[in-house]
Structure formats: C-alpha cells, structure tokens
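Listed below, chain by chain, are the residues.
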Amino acid sequence: MPQLGESVVEGTVSKWLKNEGDVIKEYDPIMEVATDKVTTEVTASASGTLLKILIGEGITVAAGTLLGWIGQQGEVLADSGEAVSHAVAHTPTSNVQLPTSNFKLQTSKELGFISPVVAKLAAEHKVDLAQINGTGINGRITKKDVLAFVESNQDKAKVEELAPWERPGDGDLFRPPELQMMQTQLQTSNFKSQIPAQSVQPPQPPRAPAPQPLAGDTTMPLSQMRKSIAEHMVRSKHTSPHVTTVFEVDMSKVTAHREANKAMFARDGVNLTFTAYLIAAIVPALKAYPMANSVFAGDSLLLKRDINIGMAVSLGDDGLIVPVIKRADEKSLLAIVRDVNDLASRARSKQLKPDETQGGTFTLTNHGISGSLFATPIINQPQCGILGAGAIQKRVVVINDAIAIRPMMYLSFAFDHRVLDGATADYFVAKIKEVLEGWN
Amino acid sequence: MELSNELMLEMYYAMLRSRRLDERAWVLHRQGKIVFHISGMGHEASQVGAAFALQVGKDWLSPYYRDLALMLCFGFTPREFMLSLYGKQGEVSSGARQMPSHFGLRRANVISTGAPVATQIPHAAGIGLGMKLRGADSVVLTCIGEGSTSQGEWYEGLNWAAVHKLPVICIVQNNQYAISVPAHLQMAIANVADRAAAFGMPGVVVDGNDVLAMYHAVKEAVDRARKGDGPTLIESKTYRPVPHSSDDDDRSYRTREEVEQWKKRDPILRFKNHLEEKKILATKINEDYESKIRAEVDDAQKFAEAAPYPTIEWAMGPVYATEAYHA
Amino acid sequence: MPEMTLIEALRQAMDEELARDECVFITGEDVGPRGGVFRATQGLFEKYGAKRIIDSPLAELSIVGIGIGAALYGMRPICEIQFADFIFPAFNQILNEGARMFYRSGGEWAVPMVIRAPYGGGVGGGLYHSQSVESFFAHIPGLKVVIPSNPKDAKGLLKSAVRDPNPVIFLEPKKGYRLIKGQVPEGEYTIPIGPANVSREGSDLSVYAYGIMHHYCLQAAEKIASEGISVEVIDIRTLLPLDKTTILNSVKKTGKALIVHEDNLTGGYGGEIAAIIADEAFTDLDAPVRRLGAPDIPGVPFSHPLQDWFMPNVEKIATAMRELANY
C-alpha cells in the first residue's frame, strides 16, 4: 500500500483491475487505491504474473502493507502469503518512496518520556496524551495519570471505533483546523506557535436520528470520498461563519482575448479555458488583500506566503476533488493553463499525485460550467474564502446610460466572517473584477 | 582358600570378555564409528579379582571410568556398553547424556559417576555411613586411579571412612600414569597404600595383574568391613598398556619398549598360562570362549548401531526428581 | 499461636523431621554436643544420639560429599556448613555432583539432601562471616535454593526441603536468627518450595526481596505508607525454581519494580529477576526496573560504620521506594 500523502497512513483497496493469474507488464495499472484525499491508480512495478492478491477490495490497510505478489508463473511464494500490516516497510508493489520513520503522533506539546505501559494504555483507551498533565518527574505522564484521565472521561461520549472513511482524514481537504495549523506551522518556520494546548474543537451538532427506508426506497451506500466530503462540509459550516457577496463581471475582454489566443495556445498543446483566466485574476487580488489568503488561528491570522489556488473538479457521482495550482503568483497565463489542463484531466482519470491536492490557500469553484448563475459555496477548510464563478451569459446591461449586450458572469465569494469583514471581502472581489474587465 | 576350577574359569572368562569388548571399542573408534573410548585394558585382573570377592546386589559400587571389567561382573552387558559408545537411546548409565564409561547401574547398586575425579570417594564414604546407620552388612567398593589420589576428595572421603569405621574398600588401581604424568611426579612415596596409616586404616599393596592375589586381598577387606571393622585401602599395582583414552597419544611420554615389556606381563595372558599349566583351561575351551565372546560383541555392536538416538525432549529433562529411594 | 525466633523454628523443623523419618540425620562441624555454633541443633544430640547427629571433620567438601553418598544410599542427610562463606570447598560436590546427578544418570539416581548454611552480614562478621552466596547456586539447574525470611516460613520450608527428593541449598539469614521473631502454627505443616509470597499488598510499586532484606522491606513499606505510597512486597522465598508468575503478576499490576538484596549488586540474583520483568512485563512498565544491592566490593567490611555503609537498611530501602514511586 503506497503512502498517498505526507501524513496519510493508510489506504483502501477500491478496485483490483487485474485478477490472480493475469499476466502483467510493468507500468500496467493493476489496482485503484483510495484515501479520503485521493483515489489513485497503482501501476505494476514489474512485469510478470499476478501470483497472489492478499488484500481484497474494500479493505483498508496501513501504508506499507503487502497487497500482493507479482512473480513468475509457478513460483512458490517465500512466506505463506499472509498479509502483514506494517507502518513502514518496503513492499514489492510499492512505487512510492516511504518515509523511514514510523508515524508520529502529532501533538501540540512536548510529551516527555512515555513509558511502555503509558503507551499501551493510551492506545487501549484511545487517549490523546497531549490532553493529560503529567505528574511524574520532569512532568512525564505516568500510568496513574492516564488511568485517572480515563476515569474522569468515562461520562463523555466514547469515541466509537470508526471505519477509516468515517474518520476525518488529515489531507488539506479534510484535516481539522487544529491539525492543519500544525501542518502550516511546519511550513512557515518563522511563525511562532500561539496555539493553545487544548485543541480547538468545533461544536458538535446534535445528531439527527437515522432515516428509516420505506418500501420501494433504495439504499445507496456512500463511497468513502462522498462520506469524507459530507463530513468536511458539515464541519466547514460549523467552523466558519459563512457570508456570500456577489459581484457581476463583464467578461467581454476576457472572451475576446480567449478568441484571439485559443488557436495559438492549442498549437502549444493547451486548451485555453476561462478557469485559467479566473485563477490568473485571483492572484493579484490575493496579493492586494493578503488577508483573503490566510488561515484563522484562534487569536491570530496566519497569512500564507504562497498563493496556491485550488480548483474544484467534479468527478460526477464519485464526488469532487480540488487539485491545487501551486505558486500561481509565479506563473504566466500559459503556465496556469497548462496546470489547469493537466490537473483537471488527471483528476478525472484518478491519476493525481497526493501532494497535488495539498497546500491550497484559496479555492475557485467554477460552478458555472453546469449552468449555475450564482451560488453560496462552502469554504474549503482551513482557507478563509472560496470564489464561485457562475455561467457566462449574454445579458442586457446599461453602459453610459445606453443598453448593451455583454457576456456577464456572477462571482459569488463566500468568506469566513471571522477573518474578513464585508468591506474587505468586497474590495477583494472588486479587484478580481477589475483585472478580468481590464484584460488585454 | 583355594578357589574351585569353575570359579577360576569364570574369572578367566570375565577378564577375556572385558578385554575383547574393550578391543572392539578401540577398533570402532579408529574406524570413526564412535567418538570416544577410555579403556580398562590391563586392569582386568584388578577388577575381576575384586568383583568376585563381593556380593552383587548386596554390595554397592562407586566406580571410576576404567572399571569396565568390574561393571561387567556386576551385570552390565556388552549391549549396554555399546549403547553408551554410540550415544543411543536407552543407554543405562545416563540415557546417553554422558560420555561413555561414566558408569552407573541402578539395578546393581552402582551409583552414577561423572568426570571430576575422586568425587566418588566421599560418595563411597557416605554410602558406607548409610549402611552403618541402617545396620546393613553390605560393603561399598570404590576404585580410583593413583593420579586422582592427589585430590583433596580422596583424603577427605577416606578420612571420614576411617574416623567412623565405615565399610568402605578403596582400591587404587595404580597403572603408573595419570594421562602422561608418571607416578613419581604424583607422589613422593613409593606406594599409595603407605598413606593408609596416616588415615588410620590398613593398607595393602597387591600385584594387580594377579587376579587371584587381588581376589584374596579384597576378600579379606570385605570380610573385615562386613564385621564392622572399618575400611581398607588396597593398592593394585598394574599398568596401562594403551593411551589414557582414544584422544591421547602416548608416544610423547613413554617408549614403545616399556609398553612391550608390560604387555608380556598382561594379566589375562598370565592367568591363561596359569590355568593351562594347571590343566584347567583346554585349548578347546578357550576357543569356545573366544567365539562365544566374539558373537556377543558382534551382537552388541549391531544392536547399538540399530538403536535409535534419544529425542530432543529427553535432552530437556526432567531436571528435578519427584521421588527418591528410601533406605 | 506460639511465637519464636528464626533459629528456634529451624531447630523445631529438624527435630520433627528426625522424629518422623529414621533416615534423616544431621552432619556438620560442631552439630553434636555443641549444638551448632548458632545453636541450630541444640538439644538434638541429647535427644537422638551420635548416630543421628554426627560431628564431621573440618572439611566442607566431605560434609557435602558424604551427604551425597548417603542420599544416594537412601538416607536423608541434613548437612550443615558452618558459614556460607566456607561452602566453596564443597562447590565441586554441590554443583558437579549433587546438582547434576539426577539428570546425568538419566533419572536413576536422585539426591535427597539439604545443605543448610547461615548467610548474610550485619553481624560484625567481616569478609568471611557475612557473605551472600545464593547467586552462585541459583544459577545451576538441578539444585533448589531456598531462603526463608521469618520463623513460620523457615520451619515449613525446611521440612519441605528435607522431604524434597532433590538437593536443596537452604540459606538462613543469620542476622535474623534471634532478631526475627514470629508466630509459628502449632501442629504439622509444611510450606511448599517454589511459590513466592505476597506478604504485603499494594498498588504503587512492587518490591521483591528475601532473607532479612524482606523483613526490612516490610518495615520500609510501613514507614512510607504514611506518605501515601502503597507498596506491594513479595517475599521470594525460593530462588530456584523461581516463581515467575507471582513476580510478574505483581509488577503488571503496579508497573514499577524494585528488587532488594544484600548481595553485591553486580551479578546478584536481582539481575535475573530484573531481566525476567523487563522481558516479560515490558509493556506494563511505568518506570525502569531497579535493584538495591550492596556495593561491588569484595566483602562486608568489619569496622562498624563501614559495615553500615555496606548493608542495605530500612532507610535506604525506603528512599529507593520513594524515588521509584515518584518516577
């Protein structure tokens, strides 16, 4: 099982594309593997016969787990072929570089020495050691401390053993805010942590009773990605107070530019899309209003240095995914277009690399593709704003007191009102509008 | 007391049997079939003479590693000896946990012996103490080489035997070499038996290659001990015509001439001549003995070769006894 | 229930066993009319006579060697070594013969004997009347090693040792001979060799000890109980075979282990117990496994303050317990 992302520790075998006994060539896709971040095809790292499949479809295993064997027909496998789960290992099928250290529990404070029994009890009772005050020497957490903590928490709702797709992941799309802050803390090394020891827990909504199916109803099981999306959306709404502000943009200059340059771009092998212009226009606006490129950190804002713009790509029934154009501010329109083409197509063919959905600081959702005029999108946590672009429609507008027909587009900017006020948000969108309307 | 012809022929047979079995062991070792043999060749008269003065089943033995002839007289069989050479399952002294010639035979009251020399002497004194405390009229015979009499164990055991007048007969089989160390480097006296006075017990020097002389000396000591008159130290003067063990090369410490000289005084040859002179041993009888013994030795070898090895479970234990014999 | 000292309990045990089984006898230096230098056998010579209580020559090797021989004969000897410091001449007999006899004879020859010796310091005995020797013997499979800490256990365990078909090294904490008093049940009873005893239940740390150190550990545990520290104390009692189950159950409960002995720290038996705990209770450990032993010098110094510095005592043990509890 490859490690599909820096902090991802497990994945699910969604689909075997080959069967036991099939002859395989190196680089043939042989399976699809999914995490809550991304679904990826895994290709064969060698030619031969798929001798044995160890992990079946739908099963989630730790990164590094042996999934199967490719060898010569009739070869006897060295071991009994039992699946052994490792946090780190080298596996015959992995073509992803695995880290050399075990997954470390990321916590927000120095825990000190953890004795064997403390580690065991913490694992057994699913205790976050960061929440315990140690009374041992040098403040270490003792066995008694753990047991006392467990006892005092007995009234609180127990964390049930959730299936991996029911647990929040820690990719950008789905990482809870407090852990995202850890990730970003690593990225901006000169930023001193002012994160409180207690992690900020979003308030939990009261659970509605599960709906009962009536005769004739069909139960359609949700995919893991769909479940992750659902969970993230709820959490996003409960984290950020969403306000949407809508602007109208005259896209005639952009349209003209596009008409004029489409063919030339096509010769370079790229498809010049409106999405590219939008991304290119967001860049100067984020530069002018860096607060829109920030992360809420409790008692401060983390202003991101990089401008990494994610673009939401629909995967139809399977859900949606948000590949990120990294350092968009350093890219020409051509470069952005290439990125857009490449990422969008690989997103749809499930060939995104794990890091390509990470690190975004702002998101564009081109909901107009499907005909929507304006919308109230949900912020992609832990960002503070998401720009929705509606359908470009020729409309009657008034210019210099005269009636004109122009290709118009609504920009719906949903923002986190903890970070931005209406005024700043509006200035930000106005800037985008300015760039698009002034394109040449 | 004169011994009957039958008895003397039995003695002769016993010596011959031990010798032929012993020789076969050397052959097997040089053939690479067994890994170790420590011989009793040359000692047959010392041991057979002593054995015939004891009562098997009543008297106890605390032997040492050259006592093959003595053991055979106490009921140890060639098959059992061969099992020990080959290290096979069912080996009676140790279950093949020990090297060959670490004798022990429960059914004949022969206690188990190990390798550290002279430890059997205090054991013999302890057995004698038990016999005395329980009022048995048994005796215990213990044997040792002259080299091992330098060990403190020998002194302390015999000291006890003398102090408490225990029914112990200690035969020092002086074959003149302790591996390569000659007797004169082992002690400053000419006879080990001279030390008996220091303990306060009788000491007797005997021609160990004269089976009848040995018989009479041991018989006298046994009678004394049974009466409650205490221990006796008997020194049998003999010779070791072979190296210390299959691992020893005696060419480095003595001449072939010396060995040849002593071979002429071989105890079995000597007794054979004696019996033939007395017309007790006819050639035919001797031939019969030889072929009977030969058949027995061949059978013993085949038997041991066919026997299985002990199991790994047997190596593991048991280490602790759950019961012990009660006097 | 009558109260008596450790030495009285031991004497009672021997008295009762001598009465119960005719094959039991005692031998050692000064055990007869003198009644033993510590009076362990006082009055027994008068009661049972010279055939049961036998003064031995001044030769520890032979005390044990004769004992082994007698045990092989079916007697039940109790061999006293006057001070454990002087047991070493008998080392060969104990380890090479006594311990290995049953295994090496394929289970044919058991050695049902007891070797008793006073051990331990704090009595102004200097280097040669204060030694702890248990770790040498607990190393050899085939022996049993028993160390009682109180009169009730001493009597019950010594009786079991006499009846055990294996050689038992029975070490008695001499400082506790008259110092440790306790209640001893009336009537016939034995305490089995093997099981350790949880003498004090607790939850914060497990303390393992034997001999007089166990006595001190109980005192130290009482002392720091008032500080809110709950100490569980285990009296090991039998070092070989070791009761791993009781030892591990305790540390799995408390998470912290301290082993206390008056032997030198390095190579002391605490190391073996610590290794077992670290190996088999690793995931239950909340602190490093600690040992409190004596300094690694070649013996207990004579001069009073030097001896006090050497010996573990209640204060030192309490300090070690506190440190571990606070870890």
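What counts, and at which threshold
Residues numbered from 1 in each chain as written. Chains lettered and ligands numbered in written order. Predicted model: local features only at pLDDT ≥ 70, side-chain atom pairs only at ≥ 80, totals over all residues. Helix = DSSP H or I, 4+ residues; strand = E, 2+ residues; numbered from the N terminus. Buried ≥ 20, exposed ≤ 12 C-beta atoms within 10 Å, placed from the backbone. Contact = placed C-beta atoms within 7 Å. Nonpolar A, V, L, I, M, F, W, Y, C, P; charged D, E, K, R; others polar. Core = buried A, V, L, I, M, F, W, Y, C linked by C-beta atoms within 7 Å. Axes fitted to C-alpha atoms, helices over the stretch in contact; angles between N-to-C directions. Parallel < 35°, antiparallel > 145°, perpendicular 65-115°, else oblique. Left-handed = near helix turned anticlockwise from the far one by under 90°. Pairing = 2+ DSSP bridges. Right-handed = clockwise from strand over helix to strand, strands pointing away. pLDDT = per-residue confidence, 0-100. Arc of directions from axis to C-beta. Expected span 1.5 Å × (residues − 1).

Helix and strand counts for chain C come out as 13 helices and 14 strands. When each of the 327 residues of chain C is scored for burial, the buried share is 61%. By sequence separation, contacts in chain C at least 24 residues apart represent 80% of the contacts at least 6 residues apart.

A tally of regular secondary structure across chain A gives eight helices and 18 strands. Counting across all 440 residues of chain A, residues that qualify as buried make up 35%. Long-range pairs, those at least 24 residues apart, make up 63% of the contacts in chain A with a sequence separation of at least 6.

Here we come to the environment of Gly 67 of chain C. Along the chain, Gly 67 of chain C falls in helix 3 (residues 60-73). When the 34 C-beta atoms within 10 Å are taken as the criterion, Gly 67 of chain C is described as buried. Placed 10 residues apart in sequence, Gly 67 of chain C and Pro 77 of chain C show a C-alpha to C-alpha distance of 5.7 Å. Leaving out residues up to four positions away in the same chain, Gly 67 of chain C has contacts with Gly 126 of chain B together with Thr 27, Pro 77, Cys 79 and Met 113 of chain C.

At the interface, 37 residues of chain C touch 39 residues of chain B. For the side of chain C that touches chain B, the secondary structure elements donating two or more residues are helix 3, helix 4 (91-99) and helix 5 (101-104) of chain C. Among the elements that line the side of chain C that touches chain B, the one with the most residues is helix 3 of chain C, at 10 residues. Here the side of chain C that touches chain B is built from residues that sort into 19 nonpolar, 13 polar and five charged.

Let's shift gears to the nonpolar core. Met 15 and Ile 169 of chain B together with Val 207, Cys 217 and Met 321 of chain C are the most contacted members of the largest nonpolar core, which has 207 residues in total. Within the second largest apolar cluster, 58 residues are counted, among which are Tyr 289, Ala 292, Val 295 and Val 340 of chain A.

We now examine the packing of helix 10 (residues 244-254) of chain C against helix 11 (residues 269-280) of chain C. Residues and elements named next belong to chain C. At their nearest, the axes of helix 10 and helix 11 sit 10 Å apart, and the two run at 60° to each other. Put simply, helix 10 runs oblique to helix 11. As helix 10 runs across helix 11, the sense of the crossing is right-handed. Contact with helix 10, carried on its side by Lys 244, Ile 247, Leu 248 and Val 251, involves Ile 273, Ile 276, Ile 277 and Glu 280 of helix 11 and no other residues of that element. Class assignment of the residues belonging to the contact of helix 10 with helix 11 gives a composition of six nonpolar, no polar and two charged.

What follows covers the interface of chain A and chain C. Facing nine residues of chain A, the contacting portion of chain C comprises nine residues. In terms of residues, the side of chain A that touches chain C owes the most to one element, helix 1 (residues 116-125) of chain A, which gives four residues. Residues of the side of chain A that touches chain C, tallied by class, amount to four nonpolar, three polar and two charged.

The subject of this paragraph is the pairing of strand 13 (residues 257-264) of chain C. All names here are of chain C. Across the eight residues of strand 13, seven count as buried, placing the element largely inside the fold. The pairing of strand 13 with strand 14 (residues 290-294) spans four bridges and is classified as parallel. Bridge assignment links Asn 264 to a residue of strand 14, and that residue is Ala 294. Crossover strand 13 to strand 14 through helix 11 is right-handed.

Time to look at the sheet that holds strand 13 of chain C. Residues and elements named next belong to chain C. Pairing within the open sheet is mixed, and its five strands lie in the order 9-11-10-13-14. A single partner strand is all that each edge strand has here, and the edge strands are strand 9 (197-200) and strand 14. Each strand of the sheet is rotated relative to its neighbour by a mean of 25°, with strand direction disregarded. The sheet strands contacting helix 13 (residues 314-326) are strand 10 (205-209), strand 11 (231-235), strand 13 and strand 14, and the helix crosses strand 14 at an angle near 165°.

Right, let's talk about the confidence of the model for chain A for a bit. Residues and elements named next belong to chain A. Here chain A averages 81 in pLDDT, while 79% of its residues score no lower than 70. Taken as a whole, residues 81-108 scores under 50 in pLDDT and shows 56 contacts with residues more than four places along the chain or in a different chain. Here residues 183-200 is modelled with pLDDT under 50, and outside its nearest four sequence neighbours on either side it reaches 21 contacts, counting other chains as well.

Moving on, we get to unusual backbone geometry. The amide bond that connects Gln 381 of chain A to the next residue, Pro 382 of chain A, takes the cis arrangement and shows omega of 5°. Relative to the assigned elements, Pro 382 of chain A resides in the loop between strand 15 (362-365) and strand 16 (385-389). The omega torsion across Leu 240 of chain C and Pro 241 of chain C is -5°, close enough to zero to call that bond cis. With respect to the element layout, Pro 241 of chain C can be found in the loop between strand 12 (238-240) and helix 10. Within the chain, Asp 401 of chain A stands out as a residue other than glycine whose phi angle is a positive 60°. Summarising the element assignment, Asp 401 of chain A is placed in the loop between strand 17 (393-399) and strand 18 (402-416). For Asp 401 of chain A, a count of 5 C-beta atoms within 10 Å gives the class exposed. Although it is not a glycine, Ile 179 of chain B adopts a positive phi angle of roughly 50°.

Below, the discussion takes up the pairing of strand 16 of chain A. Residues and elements named next belong to chain A. Of all five residues in strand 16, five are buried; the element is thus mostly enclosed. The side-chain alternation of strand 16 yields two buried faces, one formed by Gly 385, Leu 387 and Ala 389 and the other by Ile 386 and Gly 388. Strand direction decides the pairing type here: strand 15 and strand 16, joined by three bridges, are parallel. Within the sheet, the bridge partner assigned to Thr 363 lies in strand 16 and is Ile 386. With five bridges connecting them, strand 16 and strand 18 associate as antiparallel partners.

Within a beta sheet, neighbouring strands are joined by backbone hydrogen bonds and run either parallel or antiparallel to one another. Residues and elements named next belong to chain A. Judged by pairing direction, the sheet is antiparallel, and its three strands sit side by side in the order 2-5-7 without closing on themselves. Of all strands in the sheet, those bounded by a partner on one side alone are strand 2 (23-24) and strand 7 (68-71). In terms of strand pairing, strand 2 meets strand 5 (residues 48-53) through two bridges, oriented antiparallel. Its bridge partner being in strand 5, Val 23 is matched across the sheet by Thr 49.

With 100% of its residues at a pLDDT of 70 or more, chain C shows a mean pLDDT of 97. This prediction of the complex comes with two scores: 0.65 for pTM and 0.91 for ipTM.

Moving on to the packing of helix 1 of chain A against helix 2 (residues 143-152) of chain A. All names here are of chain A. It is at 9 Å that the axes of helix 1 and helix 2 come closest, and there the two elements cross at 15°. Here helix 1 lies roughly parallel to helix 2, going by the angle between them. When you trace helix 1 past helix 2, the crossing you get is left-handed. Residues Val 117, Val 118, Leu 121, Ala 122 and His 125 of helix 1 form the contact with helix 2, whose own contacting residues are Lys 143, Val 146, Leu 147 and Val 150. Tallied by class, the residues present in the contact of helix 1 with helix 2 amount to seven nonpolar, one polar and one charged.

Residues and elements named next belong to chain B. For helix 11 (residues 267-277), the set of buried residues is Pro 267, Ile 268 and Phe 271. In an axial view of helix 11, the angular spread of the buried residues amounts to 95°, which keeps them on one side of the axis. Seen from the buried face of helix 11, the exposed residues on the opposite side, beyond 90 degrees, are Asn 273 and Glu 277. At its buried positions, helix 11 is contacted by helix 1 (5-30), helix 2 (44-51) and helix 9 (211-227). At the exit of helix 11 stands Lys 279, carrying a positive phi of roughly 60°.

Once that is clear, we can look at helix 6 (residues 152-163) of chain B. Counted at 1.5 Å a residue, the expected span for helix 6 of chain B with its 12 residues is 16 Å, and the 16 Å between its end C-alpha atoms agrees. Most of helix 6 of chain B sits out of view: 10 of its 12 residues are buried. Among the residues of helix 6 of chain B, Glu 153, Trp 154, Tyr 155, Glu 156, Gly 157, Leu 158, Asn 159, Trp 160, Ala 161 and Ala 162 of chain B are the ones counted as buried. Buried residues in helix 6 of chain B make contact with helix 5 (120-134), strand 2 (140-145), strand 3 (168-174), helix 8 (196-199) and strand 7 (232-237) of chain B together with helix 3 of chain C. Immediately downstream of helix 6 of chain B, the backbone of Lys 165 of chain B shows phi near 50°, a positive value.

With that out of the way, let us pick up the environment of Glu 259 of chain A. Residue and element names in this part refer to chain A. Position of Glu 259 relative to the elements: it lies in helix 5 (residues 252-267). Classification of Glu 259 as exposed rests on a count of 10 C-beta atoms within 10 Å. For the pair Glu 259 and Leu 272, spaced 13 residues apart in the sequence, the C-alpha separation amounts to 9.3 Å.

Residues and elements named next belong to chain B. Relative to the assigned elements, Ser 148 resides in the loop between strand 2 and helix 6. Among the residues examined, Ser 148 registers 21 C-beta atoms within 10 Å and is labelled buried. Ser 148 sits 24 residues away from Val 172 along the chain, and the two C-alpha atoms are 9.0 Å apart. Beyond its immediate sequence surroundings of up to four residues, Ser 148 is in contact with Val 117, Ala 118 and Trp 154.

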